[in-house]
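As a plain string of letters, each chain reads:
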Amino acid sequence: MKRIAVLTSGGDSPGMNAAIRAVARTCVYNEKECIGVMRGYEGLIDGDYIPLDRAAVGGILHRGGTILKTARSERFMTEQGRRTAIDRMAEAHIEGLVVIGGDGSFHGAKLLHDAGVPVIGVPGTIDNDVAGTDETIGFDTAVNTALEAVMRLRDTASSHDRLFIVEVMGRNAGFLALEIAVASGAEYVVVPELPLSIGNLCQKLRVSHEKKKSHTLIILAEGVMRGNDMRDKLQDTGGYDARVTVLGYIQRGGSPTSFDVVLASRMGAYAAESLFVGKSGMMIGNMNHRMVLTDLERAWSEQKSLSPELLGLVEKLN
Ligand code: ATP
């Protein structure tokens, strides 16, 4: 294998650039060539490539977002689109591909692998909802970004004796919400994985009130309901007057934390090396602090579960 390519796909996450740099520099180290594919699978279909030599990935280690840009590609969902992408890669003598993205991107990667293209996946998404790895690239940064915002709210919440609902990202998964809740010392966390009873929550708030807590924080994953809807329900059911903050896209941006930079560097290097030794159809994971390879299918066929220990902590330590 002389030349491989790397792309970023799906939602961007902090640390993707560190992973791109690691893939490119591992190529240089092993005297191989690295090509960057712009705009995910869209660029793969269009043959939108840039050379990634040593200098091209200089100064990007701590930069948020992705220098290769990312896109969602309808065309790649079709047989014709994928055929064109494979033809373009062959014309450019690209012999292997690293796909940095979430489980959707890995679906696409698996189809390339099935068609004979060597592919390795690197999990990059702030949601951390990919089985086969303890953490995805960007998760730690998103938690820390949200934490900073929540701690500011906490200051004002305690000064005014208020109930705050903070809506965080997480359409289908509560990893972000749970981690933020433990890290911020929030009183309650509401996640898509667990059933929610507003009556029950009001009951708990009453107990909180009796404990004479100066403020109460509820961390709500957006997939359960919107923060404003929860405020209305708490008002209707228990007469509570909550303030709502929606963190939204600020959770995606910013420089990656050292944890994410190190994780992305390890994963990117391991992905390139895995291709060089003939692996394909697999994703890189960080399990118990070690780099491992698992089948790409695992990313979507297995449901990753929330830590019962962390859920217990929110309950016990509030
Ligand atoms: P995130 O979790 O951050 O949203 P993701 O990788 O899951 O990231 P998706 O939008 O689901 O993001 O997928 C990214 C792209 O991967 C899609 O736009 C599409 O081009 C490709 N893709 C997703 N699912 C499939 C599929 N079943 N077949 C072929 N390609 C797919």
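Reading guide: rules and limits
Residues numbered from 1 in each chain as written. Predicted model: local features only at pLDDT ≥ 70, side-chain atom pairs only at ≥ 80, totals over all residues. Heavy atoms only, no water. Helix = DSSP H or I, 4+ residues; strand = E, 2+ residues; numbered from the N terminus. Polar contact = N/O pair within 3.5 Å; in protein donor to acceptor, adjacent residues only side chain to side chain. Contact = heavy atoms within 4.5 Å. Near = heavy atom within 4 Å. Nonpolar A, V, L, I, M, F, W, Y, C, P; charged D, E, K, R; others polar. Domains from an automatic or database assignment. Buried area = accessible area lost by both parts, 1.4 Å probe. Salt bridge = Lys/Arg side-chain N within 4 Å of Asp/Glu carboxyl O. Pairing = 2+ DSSP bridges. Axes fitted to C-alpha atoms, helices over the stretch in contact; angles between N-to-C directions.

(A) Local environment of the side chain of Thr 66. If you trace the backbone, Thr 66 turns up in the loop between β3 (49-51) and α3 (79-91). There is a polar contact of 2.9 Å between the side chain of Thr 66 and the side chain of Thr 8. A polar atom in the side chain of Thr 66 sits 3.1 Å from the backbone nitrogen of Leu 68. Setting aside residues up to four positions removed in sequence, Thr 66 forms contacts with Thr 8, Asp 12, Met 16, Asn 17 and Ile 20.

(B) Just the site of the ligand, in detail. As a structural note, the neighbourhood of the ligand is formed by 16 residues, with Arg 72, Ser 73, Gly 102, Gly 104 and Ser 105 the closest of them. Here an oxygen atom of the ligand sits 2.4 Å away from a polar atom, N or O, in the side chain of Arg 72. Gly 102 is positioned such that a nitrogen or oxygen atom in its backbone is 2.9 Å from an oxygen atom of the ligand. Broken down by element, the residue count for the shell around the ligand peaks at 6 residues, all from helix α4 (residues 103-114). Here the shell around the ligand is composed, by residue class, of 4 nonpolar, 10 polar and 2 charged.

(C) Highlighting the domain arrangement of the protein chain. Entries for the protein chain in the domain assignment read domain 1 (3-138 + 256-301) and domain 2 (140-252). One C-alpha centre belongs to domain 1, the other to domain 2; they are set 34 Å apart. Taken together, the contact between domain 1 and domain 2 spans 12 residues of the former and 11 residues of the latter. Summed over the three residues of domain 1 that lose the most area to domain 2, namely Ile 126, Asp 127 and Thr 257, the buried surface amounts to 45% of that side. Remark: the boundary between domain 1 and domain 2 carries 0 salt bridges. The tally of links between domain 1 and domain 2 comes to 8 residue pairs in polar contact (both at pLDDT 80 or more). Partitioning the side of domain 1 that touches domain 2 into residue classes produces 4 nonpolar, 4 polar and 4 charged.

(D) Region of the structure containing the sheet that holds strand β1 (residues 3-8). If you trace the 7 strands from one edge of the open sheet to the other, you get β3-β2-β1-β4-β5-β10-β11, paired in mixed fashion. Each having just a single partner strand, β3 and β11 (290-295) make up the two edges of the open sheet. Sheet twist, expressed as the average angle between the axes of neighbouring strands with direction ignored, equals 30 degrees. As paired strands, strand β2 (residues 33-37) and β3 are joined by 3 bridges and run antiparallel to one another. Residue pairing for β3: Gly 36 is matched across the bridge by Ile 50. Taken strand by strand, helix α1 (residues 16-29) contacts β1, β2 and β4 (96-101), and its axis lies near 180 degrees from that of β1.

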